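# Observations on the three-dimensional arrangement
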Amino acid sequence: LLQVQKGRVTTYKELGAVIDCTSSQAIGQALKRNPFAPVVPCHRVVKSDRTLGGFGGTFAKAPAKKTMLEEEGITFHQNKKGEW
């Protein structure tokens, strides 16, 4: 995660490939328990379709994730489902 610089994102799947884990859900669960956030930037991990996904173990906190990424220069567009 420390290699994902500000203004960039990676996906749960890409992160899983680096650590040899095929479960995106397991990656998400591990990130939920990140005691070093935001220094270890778990907010820079998004779904494979490039929508936000969850944050802090819940989708309810996704707006906070979006705000953090916007502050780092990421821009968003809503898809046809209304997802960011």
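Before reading further, recall that the structure is shown in the block above.
What counts, and at which threshold
- Residues numbered from 1 in each chain as written.
- Predicted model: local features only at pLDDT ≥ 70, side-chain atom pairs only at ≥ 80, totals over all residues.
- Heavy atoms only, no water.
- Helix = DSSP H or I, 4+ residues; strand = E, 2+ residues; numbered from the N terminus.
- Rg over C-alpha atoms; globule rule 2.2 N^0.38 Å.
- Buried < 20%, exposed > 50% of the residue type's maximum accessible area, 1.4 Å probe, protein only.
- Contact = heavy atoms within 4.5 Å.
- Areas by Shrake-Rupley, 256 points an atom, 1.4 Å probe, with all protein chains shown as cover.
- Lys, Arg positive; Asp, Glu negative; His and termini not counted.
- Charge placed at Lys NZ, Arg CZ, Asp CG, Glu CD.
- Arc of directions from axis to C-beta.
- Polar contact = N/O pair within 3.5 Å; in protein donor to acceptor, adjacent residues only side chain to side chain.

On to the overall build of the chain, then. Helices and strands together make up the secondary structure of the chain, namely 3 helices and 2 strands. From first element to last, N terminus to C terminus, the chain shows the α and β order β-α-α-β-α. By the compact-globule yardstick of 12 Å for 84 residues, the chain fits well, its C-alpha radius of gyration being 12 Å. Viewed in the frame of its principal axes, the chain has a C-alpha envelope of about 30 × 25 × 20 Å. Residue burial in the chain is summarised as follows: out of 84 residues, 32% are buried. Contacts spanning at least 24 positions in sequence make up 55% of the contacts within the chain whose residues lie at least 6 apart. Carbon together with sulfur atoms contributes 55% to the accessible area of the chain, which is approximately 5800 Å² in total. Positive and negative side-chain charges of the chain, numbering 13 and 7 respectively, have mean locations separated by a distance of 3 Å.

Further remarks concern helix H3 (residues 62-71). Along H3, the residues classified as buried are Ala62, Lys65, Lys66 and Leu69. Taken end-on, H3 shows its buried residues confined to a sector of 100°, consistent with a single buried face. Turned more than 90 degrees off the buried face of H3, the exposed positions are Pro63 and Glu71. Turning to H3, the residues buried within the fold contact helix H1 (12-18) and strand S2 (45-46). Looking one or two residues past H3, Gly73 carries a phi angle of roughly 100°, positive in sign.

A few words on the side chain of His43. Within the secondary structure layout, His43 lies in the loop between helix H2 (24-32) and S2. Note on His43: relative accessible area 4%, which makes it buried. A distance of 3.0 Å separates a polar atom in the side chain of His43 from a polar atom in the side chain of Glu72. Excluding residues that lie within four positions of it along the chain, His43 makes contacts with Pro38, Phe55, Lys65, Met68, Leu69 and Glu72.

A word on unusual backbone geometry. Of note, the bond from Ala37 into Pro38 is cis; its omega dihedral lies within 30 degrees of zero at 0°. The residue Pro38 is located in the loop between H2 and S2 in this model. The backbone of Asp20 sits at a positive phi, close to 60°, despite the residue not being glycine. The residue Asp20 is located in the loop between H1 and H2 in this model. Even without being glycine, Arg50 reaches a positive phi, approximately 70°. By the element assignment, Arg50 lies in the loop between S2 and H3.

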